[in-house]
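# Fold and contact review
Each chain is listed here by its residues.
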Amino acid sequence: TLFQCPVCRGYMKKTFIVMECLHRFCGACIQKCLRVGKKECPSCRVHIPSRRSLRPDLNYDALIENIFGDVEYLEEMEDKSIETWNRKNNMNNAYTARREIGISFQAKLRKLKGKSFENESSFNASTDLDFAALPSNSFPGANDNPNGSAITATGIRGVSN
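Residues numbered from 1 in each chain as written. Predicted model: local features only at pLDDT ≥ 70, side-chain atom pairs only at ≥ 80, totals over all residues. Heavy atoms only, no water.

## A word on the overall build of the protein chain
Along its length, the protein chain carries five helices and five strands. Considering only contacts within the protein chain whose residues lie at least 6 apart along the sequence, 41% involve residues at least 24 apart. Of the roughly 11,900 Å² that the protein chain leaves accessible, carbon and sulfur atoms contribute 53%. (Helix = DSSP H or I, 4+ residues; strand = E, 2+ residues; numbered from the N terminus. Contact = heavy atoms within 4.5 Å. Areas by Shrake-Rupley, 256 points an atom, 1.4 Å probe, with all protein chains shown as cover.)

Here is the structure:
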């Protein structure tokens, strides 16, 4: 946290120091704050008269480089590890997974529409749709109802008539 920019929360790059309060920021972050927002320090809100109050902090940049090496490469590797962890733990993929299940469910129903049944009693949803291949909570809307009822292969579970 000592080497993170308080604005972007990334490692400081081309560090600038505010002379009025001695806070450090990424060069791009502090200049954008002064250009877009109020002319004050993002950390302590002390007034910054102009960009002339900013000074590059080359020693701090050298310190960060000595400790972490190439900061761009480090951030890239951290992003990849976070992305891998999210993918492994199905984070941010819930919508995609549910969508794929729904699409496969609809495809099976479309295939069944093409079949002709002599009478309705010959249609067995549990065998014709092969629900066993899907997890029990994977049917669209299976866990959406707060009173515990759910749509299953054989009907509606948890609803009493």
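## Here's the deal with the state of the cysteines
Each disulfide is one covalent bond, formed between the sulfur atoms of two cysteines. The full count for this structure, using the stated rule, is zero disulfides. No disulfide involves C21; its nearest neighbouring cysteine sulfur is the one of C41, lying 3.6 Å away. The cysteine C33 is free of any disulfide, with C29 supplying the nearest cysteine sulfur at 6.7 Å. (Disulfide = S-S within 2.5 Å.)

## Comments concerning the packing of aromatic side chains
On inspection of all chains with the given rule, the structure shows three aromatic pairs. Note on F3 and Y60: the rings are 5.9 Å apart at their centroids and 40° apart in plane angle, and the pair reads as tilted. In this pair, F3 is assigned in the segment before β1 (15-18) and Y60 in helix α2 (residues 58-68), connecting sequence segments 57 residues apart. An identical accessibility class is assigned to F3 and Y60; each is buried. Measuring from centroid to centroid gives 4.9 Å for Y11 and F68, while their planes differ by 55°, and the two rings are tilted. In this pair, Y11 sits in the segment before β1 while F68 sits in helix α2, placing the two residues 57 residues apart along the sequence. Overall, the relative accessible area of 14% leaves Y11 in the buried class. Accessibility expressed as a relative area gives 29% for F68, which makes it partly exposed. These aromatic residues form a ring-pair network of at least three members: F3, Y11, Y60 and F68. (Phe/Tyr/Trp six-rings, centres within 6.5 Å; stacked < 30°, edge-to-face > 60°. Buried < 20%, exposed > 50% of the residue type's maximum accessible area, 1.4 Å probe, protein only.)

## Overview of the pairing of β1
Put simply, side chains in a regular strand alternate between the two faces of the sheet. Side chains T15 and I17 of β1 all project onto a buried face; the interleaved residues F16 and V18 project onto the opposite face, where all are buried too. Linking β1 back to strand β2 (residues 24-26) in an antiparallel pair, the connection comprises five residues, with L22 at a positive phi of about 65°. Where β1 and strand β3 (residues 54-56) come together, three bridges link them in antiparallel fashion. Of the residues in β3, the one forming a bridge with V18 is L54. (Pairing = 2+ DSSP bridges.)

## Details of the pattern of salt bridges
On inspection of all chains with the given rule, the structure shows four salt bridges. Residues E75 and K13 are paired through a salt bridge, measuring 3.3 Å at the closest nitrogen-oxygen approach. Linking E75 in helix α3 (residues 71-88) with K13 in the segment before β1, this pair joins segments that are 62 residues apart in sequence. For D57, the salt bridge is made with R24, and the minimal N-O distance between the two is 2.6 Å. Pair noted here: D57 is in the loop between β3 and α2 and R24 is in strand β2, with a separation of 33 residues, a long-range link. On the basis of relative accessibility, which here comes to 12%, the residue D57 falls in the buried class. (Salt bridge = Lys/Arg side-chain N within 4 Å of Asp/Glu carboxyl O.)

## Some thoughts on a positive patch on the surface
A contiguous patch of positive charge, built from K32, R35, K39 and R51, is present on the exposed surface. Tracing the chain through its elements places K39 in the loop between α1 (27-36) and β3. (Patch = residues over 30% accessible without salt bridge, like charges linked within 9 Å, V, L, I, M, F, W, Y side chains within 5 Å. Lys, Arg positive; Asp, Glu negative; His and termini not counted. Charge placed at Lys NZ, Arg CZ, Asp CG, Glu CD.)

## Things to note about unusual backbone geometry
Positive phi outside glycine occurs at L22, with the angle close to 65°. One can find L22 in the loop between β1 and β2. Using a relative accessible area of 52% as the deciding quantity, one classes L22 as exposed. The backbone of R45 sits at a positive phi, close to 65°, despite the residue not being glycine. With respect to the helices and strands, the residue R45 is situated in the loop between α1 and β3.

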